[in-house]
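Here are the chains, one letter per residue:
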Amino acid sequence: MLSRIITGLLALVVAAAPLGAGAQSQSATITGRILDVSQGLAIPAASVQLEQGQKTIANATTDANGTFTFSDVAPAEYSLLVVARGYVSTRVPSLIVLGGQTTQLQTAMIRSESTTTTLKEIGRVVVASREALQATTTINQSVNPAAIQDYGYTRASDVLTTIPGVNTWHTSSSVGDDVNVSIRGFDASETATLLDGHPIGPIGAFGNGFNYKVSPFWGISNMNVIFGSGAAGLYGASTIAGAVNFETLNPTRTRHADFEQGIGNNGHSLSGFTATGELGKLGYAVAGAVQGTYGQFIPANRTQTANLAASQVYSDPTQPNLAIPDLTAANVAANTYNVTGDYLQKNALLKLDYQFSSKTQVLATATNWQTWNDKTGEGDNDYLPYGYVLNTAQGLAGQNFQLPNGSQTACSSSTIAVLNDSPANYACMTPAQYASAFSGPAGGGTGRWNASRLQDYHARVTQQIGKSQFIVDGFVDNFTSDEHKSPAGPFYFDTYTTHGVLLSDEFGFGKNNDVTLGWYTQHQLHNATKTFVPNGTFGLTSNSYFLRDNWTPNLKFSAFADLWYQYSYNTRQNNFDPRLSLVYRPTGRDVVRVTGGRAYSEPEPSLVAAFAPSLGAPLSINPVCAPGALNSVGTVPNTQLRTESAVDEEVAYGHRFNASTVVQLDFYNANEQNPILSGNVPLSAYGQGIPLLQAPDPNNPGNTLEQSFLQRIASQCGGNPTAAALGWTQTTNAGTARYQGFDLNGTIGIVRNLVLGVDYGTQSAQYQGVPIAIQQNNAQLINGGQFVQVPLHKGNVSLTYANASGLHASMEGVYVGANNWLNRGAFWYANAAISQTTGPVTVSAGVNNVFNSAASQWGYVGYGVMQPQNQFGTATNAFDQGTELFGLPFRQFFLTASIKV
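Just so it is clear, the model here is predicted, and its values are computed rather than measured.

> Teacher, can you tell me more about the state of the cysteines here?
Two cysteines whose sulfur atoms are joined by a covalent bond form what is called a disulfide. Applying the stated criterion across every chain yields a total of 2 disulfides. Two residues share a disulfide in this structure: cysteine 411 and cysteine 428, whose sulfurs sit 2.0 Å from each other. The S-S bond linking cysteine 411 to cysteine 428 shows a torsion near -90 degrees; that makes this disulfide left-handed. On the criterion of sequence distance, the pair formed by cysteine 411 in the loop between helix 7 (386-394) and strand 26 (416-419) and cysteine 428 in strand 27 (residues 426-429) is long-range, its members being 17 residues apart.

> What am I meant to see in the confidence of the model for the chain here?
Reading predicted coordinates in detail is not appropriate for stretches of low pLDDT. In this model, the chain carries a mean pLDDT of 86, and residues with pLDDT of at least 70 account for 92%. When the criterion is pLDDT under 50, residues 1-24 qualifies, and its contacts beyond four places in sequence or with other chains add up to 21 contacts.

> Quick question: what am I supposed to make of a nonpolar patch on the surface here?
A cluster of nonpolar side chains, namely Phe259, Ile263, Phe273, Val841, Val843, Leu895, Ile899 and Val901, defines an oily patch on the protein surface of about 690 Å² accessible area. By the element assignment, leucine 895 lies in strand 51 (residues 892-900).

> How should the side chain of asparagine 631 be read in this particular structure?
When you line up the elements, asparagine 631 lands in strand 38 (residues 631-635). With a relative accessible area of 5%, asparagine 631 lands in the buried category.

> Explain the nonpolar core to me, please; I cannot follow it from the model alone.
Nonpolar side chains in soluble globular proteins generally cluster together in the buried interior. Formed by 66 residues in total, the largest nonpolar core has its most connected members in Leu160, Phe210, Tyr212, Met223, Phe246, Trp369 and Tyr739. Considering every element that reaches this core, the biggest residue donor is strand 14 (residues 220-227), with 4 residues. The residues touching phenylalanine 210, leaving out its near neighbours within four places in the chain, are Val179, Asn180, Thr193, Ile200, Gly201, Pro202, Trp369, Leu454 and Phe479.

> Would you mind going over the packing of helix 7 against helix 8 (residues 431-438) with me for this structure?
Two packed helices can be described by the angle between their axes and the distance between those axes. The interhelical angle for the contact between helix 7 and helix 8, taken along N-to-C directions, is 135 degrees, at an axis separation of 8 Å. Considering their axes alone, helix 7 and helix 8 lie oblique with respect to each other. Where helix 7 crosses over helix 8, the two elements pack in a sense that is right-handed. Across the interface between the two elements, Tyr386, Val389, Leu390, Ala393 and Gln394 of helix 7 pack against Pro431, Ala432, Tyr434, Ala435, Ser436 and Phe438 of helix 8. Taken together, the residues of the contact of helix 7 with helix 8 break down into 9 nonpolar, 2 polar and no charged.

> Please explain the sheet that holds strand 41 (residues 676-682) as it appears in this structure.
Backbone-to-backbone hydrogen bonds pair the strands of a sheet. The strands run either parallel or antiparallel. Reading across the sheet, the 4 strands line up as 37-38-42-41 and stay open at both edges, with mixed pairing between neighbours. Of all strands in the sheet, those bounded by a partner on one side alone are strand 37 (614-615) and strand 41. Across 3 bridges, strand 38 lies against strand 42 (residues 726-733) in parallel orientation. When the sheet's bridge partners are listed, asparagine 631 is paired in strand 42 with leucine 726. Sheet contacts for helix 10 (residues 705-717): strand 37, strand 38 and strand 42; angle to strand 42, the most-contacted strand, approximately 95 degrees.

> Explain the sheet that holds strand 12 (residues 191-195) to me, please; I cannot follow it from the model alone.
Taken together, 5 strands build an open sheet; the order of strands is 9-14-17-12-13 and the sheet is mixed. Among the strands making up the open sheet, the edge pair consists of strand 9 (139-143) and strand 13 (198-199). With 7 bridges joining them, strand 14 and strand 17 (residues 242-248) adopt antiparallel strand pairing. Within strand 17, the position partnered with asparagine 224 by the bridge is asparagine 245.

> Where do I start with the environment of leucine 279 in this structure?
As for its position among the elements, leucine 279 is in strand 19 (residues 269-279). Distance from leucine 279 to isoleucine 782, taken between C-alpha atoms, is 61 Å for residues 503 residues apart in sequence. When near neighbours in sequence (up to four residues on either side) are disregarded, leucine 279 contacts Arg255 and Tyr284.

> What exactly am I supposed to notice about helix 8 here?
Because the α-helix completes a turn every 3.6 residues, residues three or four places apart line up on one side. Among the residues of helix 8, those classed as buried are Pro431, Tyr434, Ala435 and Phe438. The buried residues of helix 8 occupy an angular sector of 100 degrees when projected down its axis, which confines them to one face. Taken together, the buried residues of helix 8 touch helix 7, strand 26, strand 27 and strand 28 (440-441). One or two residues past the end of helix 8 sits glycine 440, with phi positive at roughly 130 degrees.

> Mind showing me how you'd approach the pairing of strand 44 (residues 754-768) here?
Sheet faces and side chains relate simply in a regular strand, where the side chains alternate between the two faces. Judged from the 15 bridges that link them, strand 43 (residues 736-751) and strand 44 form a sheet pairing that is antiparallel. Paired with valine 751 across the bridge in strand 44 is leucine 754. Between the antiparallel neighbours strand 43 and strand 44 lie 2 residues, among them asparagine 753 with a positive phi of about 75 degrees. Across 9 bridges, the pairing between strand 44 and strand 45 (residues 793-802) is antiparallel. When the bridges of strand 45 are listed, leucine 756 appears paired with leucine 799.

So, how was this worked out
- Residues numbered from 1 in each chain as written.
- Predicted model: local features only at pLDDT ≥ 70, side-chain atom pairs only at ≥ 80, totals over all residues.
- Heavy atoms only, no water.
- Disulfide = S-S within 2.5 Å.
- Helix = DSSP H or I, 4+ residues; strand = E, 2+ residues; numbered from the N terminus.
- pLDDT = per-residue confidence, 0-100.
- Contact = heavy atoms within 4.5 Å.
- Patch = residues over 30% accessible without salt bridge, like charges linked within 9 Å, V, L, I, M, F, W, Y side chains within 5 Å.
- Areas by Shrake-Rupley, 256 points an atom, 1.4 Å probe, with all protein chains shown as cover.
- Salt bridge = Lys/Arg side-chain N within 4 Å of Asp/Glu carboxyl O.
- Buried < 20%, exposed > 50% of the residue type's maximum accessible area, 1.4 Å probe, protein only.
- Core = buried A, V, L, I, M, F, W, Y, C linked by side-chain atoms within 4.5 Å.
- Axes fitted to C-alpha atoms, helices over the stretch in contact; angles between N-to-C directions.
- Parallel < 35°, antiparallel > 145°, perpendicular 65-115°, else oblique.
- Left-handed = near helix turned anticlockwise from the far one by under 90°.
- Nonpolar A, V, L, I, M, F, W, Y, C, P; charged D, E, K, R; others polar.
- Pairing = 2+ DSSP bridges.
- Arc of directions from axis to C-beta.

What follows is the structure, encoded as structure tokens:
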């Protein structure tokens, strides 16, 4: 069926007749409007250049309403170059002008919010597209990737988290560890991640989600955050939360090259280059970069003193689950190894754009992202503080055990028996002595590393026939995540191969309607290989038909509809994903937007497949010490899991006071049905996993996996825990969820060359109707309570100075309210950057976390803020919960020098 459609389309392209010469004889008029891609407000004083090939035909400047006009234009194909102060230059590559007619268009520009210079922007000209115009009818925010480099960040996710309404979930205080991005409190897997509009990485709710530790900024022209449900992007990636779209570098009309070298503290360095231009009919964009750091841990041997409390050598047959504290030289040596926070990131881009004729264009893009990190310091920086260990030790007083020689220790009821190298082979320690000896690092062992790779190949053929534009588009995306927990396992290999094909026809329907019809199919294959678990292969396939209509009857009103009809081969469901935006501009200074959408989200296929449990590593769990709490040893499927859905409504108002002062206010409300929840169930609820736990632990000879899990719990919680403390993590549909909030942002021109930026938002996320049976084993599921780690308040303030002499300076402050992903109270931090451009050379200096705010090298177990719990929670403090206090990296300096040719 697909081959017939493509064959028919190509036959139509070949048979298309050129426009008749008689229709071209009369002169024509071009009129248009330039808008801000985020606010949808008109951009005044923008320079619009009408070009034909390399020749400039005419120039115009937009008025207060953002409009421009070219009169008495000869019929032909043209391009437009739009330049405005404070925005990335934008090009409309193909504009067909017919004789005797008025050609109308609207295009959008991305605000340049970084400290980059105009010269630096030339190599990143954004090509105007339908997707950019759609963004003016949605609630969205653009992020200039150059800001990541200027402020010394290493990944795109680090700057995304400064945006109100965007949250990240970190697994540690490391600079390169796993991280997921969430919008408005939804689960991170419910946020679509796109590359040039098409989905990348894992698809499906409550799967692994896209891991933003591999989220480079080099070779990226823009990151567009789209808020709200519905089909997002050209490909209609279904999302109930929103999307993050990475837009790659585009070819430019003139040739440019940029070579850059950066160096900073913590062993941070970067080498990168970009080149854009044209060679005849072939446009090109090439980029490549490599950067690395040893993070917060200079490579060195470190003793994991907290792990000495759970002996890796001896066990007591009379108390098999009891953790035996061991300070012998042999055990200290076994728990001393090289620790480093090494993090390496590589990425490359090749984009080719070939113009076969004025009506036929072929675009091909190849993208490669890679990252590798040493888990001994990137994620394994757990630390048991003195106070936390002392709390545990007070419950261990009077503990005795059998010695390796068969005799019994004999400590008093106020002391604790500890193995050592004395003639007696043990010592009796007070709780304070015990806490001094066994507080400190609690790493997961040697040989731990993980890596992620993304290879993406994308091609598009565009054919102009009259006023219609046909597109044949396809992509293949490979995302792989490898994780080695230890030399002996467990090992995790997850590969996601996604491919999609899109056919669309964009045409004018009447004078004021721009209509697109199309078909899209996508398939993802997930191959999972895990030690102790049989291999699994899971597929996710859907077909979609879509209709888009952008109706603009006049300059004051426009309506946009994006209607998707989707069929899922996995759930055998037909889904309708509509999104409608109404935009009213009473004046050139004001815009009002009303937007609504609905979307469905399928569960990740592995969550519903009948397969064996996925088991974790004993040393990787951070136990919950509260009485009756379940500590997850792995995940199990739920074959009854169903699709979830969400409906949202949004209202936004924007006002431009002058060319440099703009304010926008957005309100949103979203309701989710059948949300997928993740919670713990007892071991007995999934009996086939119990034999798995009786298998030998390859990292702890003589122990079963169950014993190793229980000893890990005992080492941090004390006592002699049993299998009743163990459970599985399982997903299920339950209740409803509601998400509400507002966002206020603006840029304010203070004096010439000095601009103040403000962004503040709230996000309320709550469950309703979660059954009692689920709450009993999951104390953090609270009906009517704010989601854990979703702060209600977030905001940022920035101050930017730029002059005509090439000097740019900026400073930003970021505020994050309580209940955040770092498990600490409300905090703030600041970044600063300054750059000077002289001729082709630019020198920049950036400081990340200027004041060492909320900084931490370690993740302090038990020192995080105690998290709210429902009526079934038994924890009395953060020690019981094992809540880990994370932090931001300590102050980082980064100096870069670049030369442009």
